[in-house]
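# A closer look at the structure
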Amino acid sequence: MKNPLLLLSFFTLFIGTTKAQDFVRKQEFQLSLDMQHGIRALNAYYKLNFKSNQDKFWRAKIGVASDDYYQRSKDLIYNTSKNIAAIGVEKRIPPTKNSQLFGGVEIYGVRETIRGHIPDSLVFVIPKTEILELGIGVPVGIVFNKTSKWYVGLELVPSLYYRTTTKDDFKLSPNPGKSWGYTINGFALCFGYRIPTKRI
């Protein structure tokens, strides 16, 4: 009787371990630097496995960006600052042991504020322009696994957007200040860290 009970115990332990593994999901924390026009944007990501598929992830992103440009007709330097938020999904396709292709879709929003200042002066002109952008992006890229926890990657996000000017003190947009279009939100270098966790 002892041997069958011992065998049953091992079988029960094996089933329990297998069930426990089903409850383990990956979390990833990622930073990306936009290199499209120099390093002018920083994004932070949180990614979490689907419960039903280890190759699919929920992804959420927040970010900030800034840029400057000069308008000769008004003799002003414009400083633009952006707050970025996005949520979506992505799917991994592992071509080799140490790398993974991925593609996905996300809904995003950008709030852009434009302030002006006179060249050779750090004093901002009081008026400002504000722009709201909403869109759908298609992130695609590749991830290289340095270790089981650390990875680096490249990401490109072609997007369709709707943009509206909510405030236009600098008269930068033609009336009514609304537009549709296509853009590439960034070509980014990514650094990530992943940890296993119990099902949330």
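Everything discussed here concerns the structure shown above.
Summary of the structure given here. These numbers come from a predicted model, not from an experiment.

About the thresholds
- Residues numbered from 1 in each chain as written.
- Predicted model: local features only at pLDDT ≥ 70, side-chain atom pairs only at ≥ 80, totals over all residues.
- Heavy atoms only, no water.
- Phe/Tyr/Trp six-rings, centres within 6.5 Å; stacked < 30°, edge-to-face > 60°.
- Helix = DSSP H or I, 4+ residues; strand = E, 2+ residues; numbered from the N terminus.
- Buried < 20%, exposed > 50% of the residue type's maximum accessible area, 1.4 Å probe, protein only.
- Lys NZ or Arg CZ within 6 Å of the ring centre and 35° of its normal.
- Salt bridge = Lys/Arg side-chain N within 4 Å of Asp/Glu carboxyl O.
- Pairing = 2+ DSSP bridges.
- Patch = residues over 30% accessible without salt bridge, like charges linked within 9 Å, V, L, I, M, F, W, Y side chains within 5 Å.
- Areas by Shrake-Rupley, 256 points an atom, 1.4 Å probe, with all protein chains shown as cover.

Now for the packing of aromatic side chains. Overall, the coordinates contain five aromatic pairs when judged by the stated rule. Ring geometry for phenylalanine 29 against tyrosine 46: centres 5.4 Å apart, planes inclined by 50 degrees, an arrangement best described as tilted. Here phenylalanine 29, found in strand 1 (residues 24-34), pairs with tyrosine 46, found in strand 2 (residues 41-49); they are 17 residues apart in sequence, far enough to count as distant. Each ring, one from tryptophan 150 and one from tyrosine 193, has its centre 4.7 Å from the other, and the planes form 50 degrees; the classification is tilted. Taken together, the residues span a long stretch of sequence, with tryptophan 150 in strand 8 (residues 150-168) and tyrosine 193 in strand 9 (residues 178-198) at a distance of 43 residues. Under the relative-accessibility criterion, tyrosine 193 is labelled partly exposed at 25%. The ring of tyrosine 45 has lysine 47 sitting right over it, with the charged end atom 5.4 Å from the ring centre.

Below, the discussion takes up the pattern of salt bridges. Here the structure, examined in full by the defined rule, presents twelve salt bridges. A salt bridge links lysine 47 to glutamate 90; its shortest N-O distance comes to 3.1 Å. Note that lysine 47 is positioned in strand 2 and glutamate 90 in strand 4 (residues 76-96), a separation of 43 residues in sequence. Glutamate 155 is the partner of arginine 59 in a salt bridge, and the nearest nitrogen-oxygen pair spans 3.3 Å. Of the two residues, arginine 59 sits in strand 3 (residues 56-71) while glutamate 155 sits in strand 8, which places them 96 residues apart along the sequence. For glutamate 155, a relative accessible area of 2% translates into the label buried. Each of Glu28, Lys47, Arg59, Lys61, Glu90, Arg92, Glu106, Glu155 and Arg194 takes part in a single network of salt bridges with overlapping partners.

Across nine bridges, the pairing between strand 2 and strand 3 is antiparallel. Looking at strand 3, one finds that leucine 48 is bridged to tryptophan 58. The loop that links strand 2 with its antiparallel partner strand 3 comprises six residues.

A cluster of nonpolar residues, Met35, Ile39, Leu154 and Phe187, forms a patch on the protein surface that exposes about 340 Å² of accessible area. By the secondary structure assignment, methionine 35 is in the loop between strand 1 and strand 2.

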